[in-house]
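Chain by chain, the residues run as shown.
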Amino acid sequence: MKIVYIYPEKLPDKKARSVSVINTACSLSKYIDTSLLYEKSNKNILEFYNLECKLNLIPISRKFIIRSNKIFNFNLKKYIKQFDYFYVRHLKTAEFLIKNNVNVIFECHEIFSVKNPKVENIEKFVCENSKGLVFVNKYLQKAFEKKFNILNIPQKVIYNGCGFKVDYIKKDFSNIKEIFYIGSFQKWKGLEFLVENMKYFPNIILNIVGDGNKIELNQIINKYNLKNINFLGFKTSEEIEKLLKKAKLTIIPNIPTTDSKFSMPIKLFEYLTYSNIVLTSNFDTIKEIIIDNKNGFLFEAGNSDSFVNKLKYILSLDNNILQNIAKNGYETSKQFTWDNRAKQIIEFIKEIK
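Residues numbered from 1 in each chain as written. Predicted model: local features only at pLDDT ≥ 70, side-chain atom pairs only at ≥ 80, totals over all residues. Heavy atoms only, no water.

Next up on the list: the sheet that holds strand β1 (residues 2-10). As summarised here, the arrangement of the 7 strands in space is β3-β2-β1-β6-β7-β8-β9, forming an open sheet in which the pairing is parallel. Both outer strands of the open sheet, β3 (56-60) and β9 (155-157), are each paired with one neighbouring strand and no more. The sheet shows a mean angle of 20° between the axes of neighbouring strands, taken without regard to direction. In this structure, strand β7 (residues 104-108) lies alongside strand β8 (residues 132-135), joined through 4 bridges in parallel fashion. Residue pairing in the sheet places I105 in a bridge with G132 of β8. Helix α14 (residues 338-352) contacts β1, β6 (85-88), β7, β8 and β9 of the sheet and is inclined by roughly 165° relative to β9. (Pairing = 2+ DSSP bridges. Helix = DSSP H or I, 4+ residues; strand = E, 2+ residues; numbered from the N terminus. Axes fitted to C-alpha atoms, helices over the stretch in contact; angles between N-to-C directions. Contact = heavy atoms within 4.5 Å.)

Attention shifts here to the state of the cysteines. This model, assessed by the stated rule, comprises 1 disulfide. In this structure C108 is not part of a disulfide, and its nearest cysteine sulfur, from C127, lies 5.1 Å away. With a relative accessible area of 1%, C108 lands in the buried category. (Disulfide = S-S within 2.5 Å. Buried < 20%, exposed > 50% of the residue type's maximum accessible area, 1.4 Å probe, protein only.)

It is worth spelling out the pattern of salt bridges at this point. Throughout the structure, instances matching the rule amount to 19 salt bridges. The residue K199 makes a salt bridge to E196 at a minimum N-O spacing of 3.8 Å. K310 is paired through a salt bridge with D292; the nearest N and O atoms lie 3.0 Å apart. Residue K310 is located in helix α12 (residues 304-316), and its partner D292 is located in the loop between β14 (277-281) and β15 (297-299); the two are separated by 18 residues in the primary sequence. (Salt bridge = Lys/Arg side-chain N within 4 Å of Asp/Glu carboxyl O.)

In this fold, T332 is placed in helix α13 (residues 319-333). For T332, a relative accessible area of 14% translates into the label buried. For the pair formed by T332 and L272, sequence separation is 60 residues and the distance between their alpha carbons is 7.6 Å. Ignoring sequence-local partners within four residues, the contact set of T332 consists of I289 and N295. Among the polar contacts listed, one links the side chain of T332 to the side chain of N295, at a separation of 3.1 Å. (Polar contact = N/O pair within 3.5 Å; in protein donor to acceptor, adjacent residues only side chain to side chain.)

So this is what it looks like as structure tokens:
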């Protein structure tokens, strides 16, 4: 059986979805003949992500004067007969492949038509005509089942994962002096919300890992004369591991939007894997993984009082209690690896073959 992961975007890239794609494809290649077909670039993909695997890389062009999905699909067509299954997360690429009568496994990350009603017919066609559907969380699966006629389509919930391989680290939580945010600066990630609420914790340093537009963040910093915000910039996977090893308290402050509603951050699994305390917004997706006061902590998304009170509560807890919660979080993380994800995808395909 040959499978190809189709990704009509340039690689390598810093986006979380790119991280998910390359790690999933790489892990699949350990167990099955796997190719990754992506938009051509001049960079070494595996070196960028610090990966070694048997993955067959197939770069194709998406540009002829202009960049276009139609050009990508035109170049994709000559590969159609080479593979048994096409694993896809892009709607229009999936539509093109289904219309060319190939076996498409469509991975669902959001309901695109919520933000763009014009694609609802395409989304309906893809969902109801794919060979199988993979959802990155249960909440998203239920939302799709309500909106589309997919009950007769084979489907499975397969969470994202983490590639860090590390034993449990017993950390000292008795004197937390800094917290870590790792991720993008997109609005729905809640970074402005987080930075503003640091005015209530002047003795705690907020370390921000990532890059993006800092205009609004700097305005908040200047408005409240914040001295406890530390921008660390973009970090490689190896550098992030070093930071997470020394970290103790990590934050996922996503605010309520159509983007965050279905999100299941990869960073959640990375934080837990390095035995950190996680404080995160209480979206239904997150609650599939985090149980408040057991393997992490939840606060009401976008609610300043809830965030502040929960952070104060965490800082007041005994070291032993926090160590137990961090240990539970670490144990939770062990099932969410890229290799386990790949095995579940292969098992799912064999079930519907």
